[in-house]
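What follows is each chain in one-letter form.
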Amino acid sequence: MSDALNTGNAEESLLNLAKFSEANAVRLAKELSESLNNSSTGHLHNKIGGQQSQHHYPIPLPASLQQTSNNRIKSNRPSREDSALQTAKACTESILASLTKVASGGSQASSDLRTLETARRQTDAAAKDVQDALSLRKLASYATDALGARRYADAARAVSDYEKVHPSERAKVIAGPHAIRAYERAKDVLQRTVLEQYESAVSSSNLKGLSELTPLLGMLDLADKGVGLYLRFSQNTLGNMIESDLKQGASNRNLDEEENETSAMAVCSQLAKIFNVAVTHLRHHLPMVAFSLGSADGDAAMVQLVHAEVENRAIEIIRNFMSAQRLGVLHSKAKGVGDRMEERYLSEEALDEGVYGGEDGGGFMGMTSTTNVPDKSMRLEGIDDCGFKAELGTFMNMNAKLDEIALLMQHTESYERFIRHAVDEVNKARELRKTQRREEKKRQWLEQLVNEGKDATLEESEKFDLMEMKAQADQRVQDVLPPQTQLNEVVAEVGGYLSVMERALLLANFQRAFFKVSIPDDRNYTPITILKATRSPNAAGCLALQTILVEECLYAAQQSTLRAFATGHSGTASVAANLSCDVLGRILLQFMSQRAEAGSALLKPGDGLISGQGGLGQAALSVMSTAQKGLSNAAKGRRGVVGSDDNEDERALMKKRVEEGIARSCASLNDLEVAIDYTQRLEEKLVSEMESTFPPGKRPTEQLQKCIKELSTVTDAYRSASQDAAENLVAIIMPRVRSIVSECVGQDAAPGTSFMTSGTSVVSTVRMNYNLDDEAYEMAQISEGYMARLCQLLDELLDPLRVHLAPSLSDAVLLGMIGGASKRLEAAIKKSQFTALGALALDSDIRSFINFIKDRVDSEALLSSATLYKTCNSLARLVQISHLMNVDDLEDVLDLISSSKRKNMWDLTLNDAKAFLNLRVEFESRKVNELLQEWN
């Protein structure tokens, strides 16, 4: 066709297209004629002398086209009389005639094909009816023969296969009435025979007979009757096995009847036997029941029966246990004891009542003598016991009772998980059977459409699925077991008793830990455990201590929570997790915060263990006095006169006691950092335990996970408390820091005293002075300035804290001290005058100050100047002041400020910049104001 159009003349192209259409129509008509008539008529009309003719075929060209074609053959040039309209009309008429012939041939072919398809369907249906009729005769005969030979299984399979044939009415006529009557008679006799034998097997508990006959019930449409009989057999068998096992267990224990009822181990043993019998029975019988009697929901009825038998006995045993152990009474007592403990430790009068270690704080921090430790422990225990021992007994007895309750719940939860698994499997089998019935019904419906001569299209299939979905939506399927059974309610009640008693025991363990740490005993302090073992011996925290408080409290919380996790009961586990979060986040946090506050107070310079401007404080003198008395008593037992060696020993002992006091005071702050680490470990432990104990993807498990995640909130609370403790300690030592800075820069000295002046000797007292000439600057470079003295005094104040505080606390205290010192230095700088050399000296002093800081920080991040400046804004301002004062020309100020602001490293305001630039003696105040005003 494309070749016909490759001409330069439009008329020529239309003529060629008409010829191509004629040839194509001739070919198609020929093929249709041969396929429909199956004769050689077309060949006779198209053969002349053994050759095919291209122009003589029964489909002639229109006259107008033939005339146009003949004219084009006679002359190669177009005739002037032929118009373009005539040529186009002729070509169009030719094409239309060709298409009409093709359409008429296709319509005839389609009609013939439909006739043939209808005949084929009728033939297939007749063949299927004949085949179904033969199958019916064969199966009816086979069922009759098998029944006569008492081969009931073969007869039942034949009956089942007969039911699956689904014959049409014509197939039944072909099979004959004798075959249908034979089948119905054989089925009726077989049903009565099998049912009688099945009832006999149930009555005699013949398990072998039941195993052989149960699969036949579903084949014979006896599933509904078979379910009732099999359940009767299961009920008798299950009850006999349970009673037998319970009697055998009671005879094996050498205990009297009263002890059997009250012993927790006996109760757990009884429950275990009941549950094991139920599990064994379901494992052996449920698969066969589901396969053979599933069409009548026999598997669901079996699970319901077993659970009912177990539930009645288990509830009775658990109720008797609760009554014998007086759990209701213990619950009330435990709640009262726990409320009194919580009120005691959360009340505002806790410190006044001595709950946190006494009014003097000595026993609280462990500074007093250890000679009367047992007496003090008994006194504290008597005051703060809150009636735990009197009402609930000893810790050992309480732990044992809670273990027994947890074991009972563990047995029950194990059975609960098994029965729920069995319910899930039954529900899956239900869905599978429903799907199979729906597919079979759909197949029959589509076959019926085909037999009626209709097309089984995809649209019809979707229509059937929609109708089935609506029908199933209207049908309500009864649950195998309710979401909350009576056994679940009883176990939840036991879990409630366990949770309240667990709370009382947990609070009692915390209380005992509070007592221990309040007693001055060296065993209460251990080296801090959260640091790496590869740290440098002189690093921050190298001598840090921690108390036993955090370890004992976190261990008690972990044991309490894991015991609840071991029950497998998600509700009890969630309550235990919430309880741990509550006690750790409130009671322990407040206790440690109070200890940290008291420990910080003992470190106050001048009044506490750290020396101030006036020497050692009262707390340090008290410790030294105690040490001196100890040495004096020891010296009385020795011969000779106390000499210089004794004085050295006395001073060494006093120094050691003061260092111990500082370490123990710092330990109260370190406990907060230890608590952060231990709480994170506890959360990881509980998450791991949850993943290995509770089924994933269940709603109760997700709820438990949320409860565990609340420990992260407790960790954040500890972190915030640690920061507050560090800020409190900084506030306590800040007055000494300010006095050190004032003393070093000369603000407390007589006015007019300078660090170095030209032509004079060094003054005995070092002062801040940046109004330096050449000679004074040279002398400053070889002399010890005020900054060295400042760093020395700050180091003397910081070093006892740095080695005894945890690294993060040490860095926080250091940065707090540096922040206060930097503010003081900035105020002193504002009162000074600067020369260019003085500005260089300021830059050197600030760099020395920064190097001093970096040598004492522990965090690697703070070794970066940018991070250090962001963390300590006051220090960053000092650096910016140094850079501002060291500009050579006022024109450079704008570039300095702009570049620093782009880096987000500029905190000085316009007024600050004016004030500091006016301190340079070389800069005129007028030019400074004009420059910065223009910049603003």
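Everything quoted here is computed from the prediction, not taken from an experiment.

Draft legend 1. Quick look at the overall build of the protein. Secondary structure assignment for the protein yields 34 helices and 4 strands. Counting all 936 residues of the protein, 44% fall into the buried class. Sequence separation of at least 24 residues holds for 78% of the intrachain contacts in the protein that already meet a minimum separation of 6. As presented, the protein carries roughly 49500 Å² of accessible surface, and 50% of it is formed by carbon and sulfur atoms.

Draft legend 2. Structural detail: unusual backbone geometry. The backbone phi angle of Asp297 is positive, close to 55 degrees, even though this residue is not glycine. With respect to the secondary-structure elements, Asp297 resides in the loop between helix H11 (264-293) and helix H12 (298-324).

Draft legend 3. Up close: a positive patch on the surface. A cluster of basic side chains, namely Arg738, Lys823, Arg824 and Lys831, defines a positive patch on the protein surface. Note on placement: Arg738 falls in helix H25 (residues 711-745).

Draft legend 4. Focus on the packing of aromatic side chains. One pass over the full model with this rule turns up 10 aromatic pairs. With 5.7 Å between their ring centres and 70 degrees between their planes, Tyr230 and Phe233 make a pair best called edge-to-face. Of this pair, Tyr230 and Phe233 both sit in helix H9 (residues 223-252), separated by 3 residues, roughly a single helical turn. Classification of Phe233 as buried rests on a relative accessible area of 4%. A centroid spacing of 5.0 Å and a plane angle of 65 degrees characterise the contact between Tyr345 and Phe514, whose relative ring orientation is edge-to-face. Of this pair, Tyr345 sits in helix H13 (residues 327-346) while Phe514 sits in helix H19 (residues 486-518), placing them 169 residues apart in sequence. Take Tyr345 and Phe514: they sit in the same class, and that class is buried. Grouping aromatic residues by their ring pairs yields a cluster made of Tyr345, Phe510, Phe514 and Phe591. Lying across the ring of Phe395, Arg512 places its NZ or CZ 4.3 Å from the centre. The ring of Phe923 is capped by Arg920, whose NZ or CZ atom sits 4.5 Å from the centre of that ring.

Draft legend 5. A look at the side chain of Glu413. Within the secondary structure layout, Glu413 lies in helix H17 (residues 395-451). A relative accessible area of 14% means that Glu413 is categorised as buried. Those residues in contact with Glu413, other than ones at most four positions away along the chain, are Thr567, Gly568 and His569.

Draft legend 6. Representation of helix H21 (residues 570-602) in the model. The end-to-end C-alpha separation of H21 is 46 Å, in line with the 48 Å expected for 33 residues at 1.5 Å each. The axis of H21 is deflected most strongly, by about 30 degrees, at Leu589.

Reading the values: the criteria
Residues numbered from 1 in each chain as written. Predicted model: local features only at pLDDT ≥ 70, side-chain atom pairs only at ≥ 80, totals over all residues. Heavy atoms only, no water. Helix = DSSP H or I, 4+ residues; strand = E, 2+ residues; numbered from the N terminus. Buried < 20%, exposed > 50% of the residue type's maximum accessible area, 1.4 Å probe, protein only. Contact = heavy atoms within 4.5 Å. Areas by Shrake-Rupley, 256 points an atom, 1.4 Å probe, with all protein chains shown as cover. Patch = residues over 30% accessible without salt bridge, like charges linked within 9 Å, V, L, I, M, F, W, Y side chains within 5 Å. Salt bridge = Lys/Arg side-chain N within 4 Å of Asp/Glu carboxyl O. Lys, Arg positive; Asp, Glu negative; His and termini not counted. Charge placed at Lys NZ, Arg CZ, Asp CG, Glu CD. Phe/Tyr/Trp six-rings, centres within 6.5 Å; stacked < 30°, edge-to-face > 60°. Lys NZ or Arg CZ within 6 Å of the ring centre and 35° of its normal. Expected span 1.5 Å × (residues − 1). Bend = angle between axes of the 7 residues up to and from the residue.

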